[in-house]
Amino acid sequence: MTGAGREHGFTLVEVLVSMALAMIVFGATLTALNVFQTNNRFDVLRNEAQDNARSAIDRLSKELRNVAAPKSVKELPGALESAQPYSITFQTIDPSPLAVTSKNATNAMRVRYCLDDSNPSNEVLRRQEMRWEIPTAPAIPAENGCKASEAGWDSSSQLVNYVTNRNGGQDRPLFHYGPTGWSEVSQVVTVEPTIYLDVNPGQSRPGETQLTSSLSLRNANRQPIAAFTAESLHKHVLLNASQSEDPDGLALTYTWSEGAIEGETPLPTNALTYETPEMTEGSVHTFWLKVKDPGGLEATSKQKVTIK
């Protein structure tokens, strides 16, 4: 007669140890998986933000190439209307069809790119548009911010998220302008947009990225510079405008006059140099020079001369 076989199994301690080891292994696996998923999510967001930033810079570049610089001599606008560290405003050609009733002959529109930093950890690059049907462009709206809805602008679209140019109180301009030392917006001929991006601010991963480009304003028209010499010799005055220049290298036209006010007594010449007829020795005369470029921008200079 054969006895019953012995049944072997795990003790309670062995079962608890096995469960603890399994939990450690599973926990480590889940932690690694969570880190991988988190990093992958941030990488996707970063790539998307970089693609959006590149598209925004490309769009800005194309619109700046089609700048519709106003021809008003009084405004002296150059290619841009406003050049601020965190916003840029200009007129460009509207791709939409011109309305039949519109008196906006060139179909120009106003565009503004600006930084909305109302949320410091997720600043937004916006693009705003303004259209009109009157002959001349309306005044630029007051720059009170860069909100999703702002008075004076017809629309405002969101181009890039996760911008960090001003994150943490930093002062990193969104736009740099050239040439160095410019003092008026009409002098600006280059724009350098610089966008800092960070989808996870304050953390080492995935880290901050920087996108920069340099754009030339080929439609810029800067005000010419009027300068001349007036040399008195033997009761004659030799006027020479060779010191006048156009920053864009355009040809200038010269208009000379004499008197207390510009144009009071026009001189019979439009040449670069002119020698006056004989004048009374010791008398004082004021001479004026006005230069104009092909775009209609002007500059004036004057000098007083004592006849010798």
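Preceding this section is the structure that the text describes.
Asks: How would you sum up the sheet that holds strand β11 (residues 236-240)? Please name residues and give values.
Replies: Ordered in space as β10-β11-β14, the 3 strands form an open sheet in which the pairing is antiparallel. One side of each edge strand has no neighbouring strand; the edge strands of this open sheet are β10 (229-233) and β14 (273-275). Across this sheet, the average inter-strand angle for adjacent strands is 15°, counted without regard to direction. In the sheet, β10 pairs with β11 via 5 bridges, with the strands oriented antiparallel. Along β11, the bridge assignment pairs A230 with L239.

Asks: Describe the environment of A271, naming the residues involved and giving the relevant values.
Replies: Among the structural elements, A271 can be located in the loop between β13 (265-266) and β14. Of the residues examined, A271 reaches a relative accessible area of 31% and is grouped as partly exposed. Counting along the chain gives 18 residues from A271 to T253, while the straight-line C-alpha distance between them is 8.1 Å. For A271, the contacting residues outside a window of four places in its chain are Y254 and W256.

Asks: Which residues make up the pattern of salt bridges, and what values do they have?
Replies: One pass over the structure, following the stated rule, counts 14 salt bridges. Put simply, K292 and E298 hold a salt bridge, and the shortest N to O gap is 3.4 Å. Residue K292 is classed as partly exposed on the basis of its relative accessible area of 34%. When salt bridges with common partners are traced through the structure, they connect R59, E63, D94, R127, E129 and R131 into a single cluster.

Asks: Explain the pairing of strand β15 (residues 284-292) to me, and be specific about the residues and the numbers.
Replies: For strand β12 (residues 253-258) and β15, the ladder comprises 6 bridges, and the chain directions are antiparallel. Residue pairing for β15: T255 is matched across the bridge by K290. Two strands pair when backbone bridges link them, and β15 and strand β16 (residues 298-306) are joined in this way by 9 bridges, in the antiparallel orientation. Each bridged residue has a counterpart across the sheet, and for V284 the counterpart in β16 is T306. Linking β15 to β16, which pair antiparallel, is a turn of 5 residues; within it G296 sits at a positive phi near 95°.

Cut-offs used in this document
- Residues numbered from 1 in each chain as written.
- Predicted model: local features only at pLDDT ≥ 70, side-chain atom pairs only at ≥ 80, totals over all residues.
- Heavy atoms only, no water.
- Pairing = 2+ DSSP bridges.
- Helix = DSSP H or I, 4+ residues; strand = E, 2+ residues; numbered from the N terminus.
- Axes fitted to C-alpha atoms, helices over the stretch in contact; angles between N-to-C directions.
- Buried < 20%, exposed > 50% of the residue type's maximum accessible area, 1.4 Å probe, protein only.
- Contact = heavy atoms within 4.5 Å.
- Salt bridge = Lys/Arg side-chain N within 4 Å of Asp/Glu carboxyl O.

Just geometry here; none of it tells us what the structure is for.
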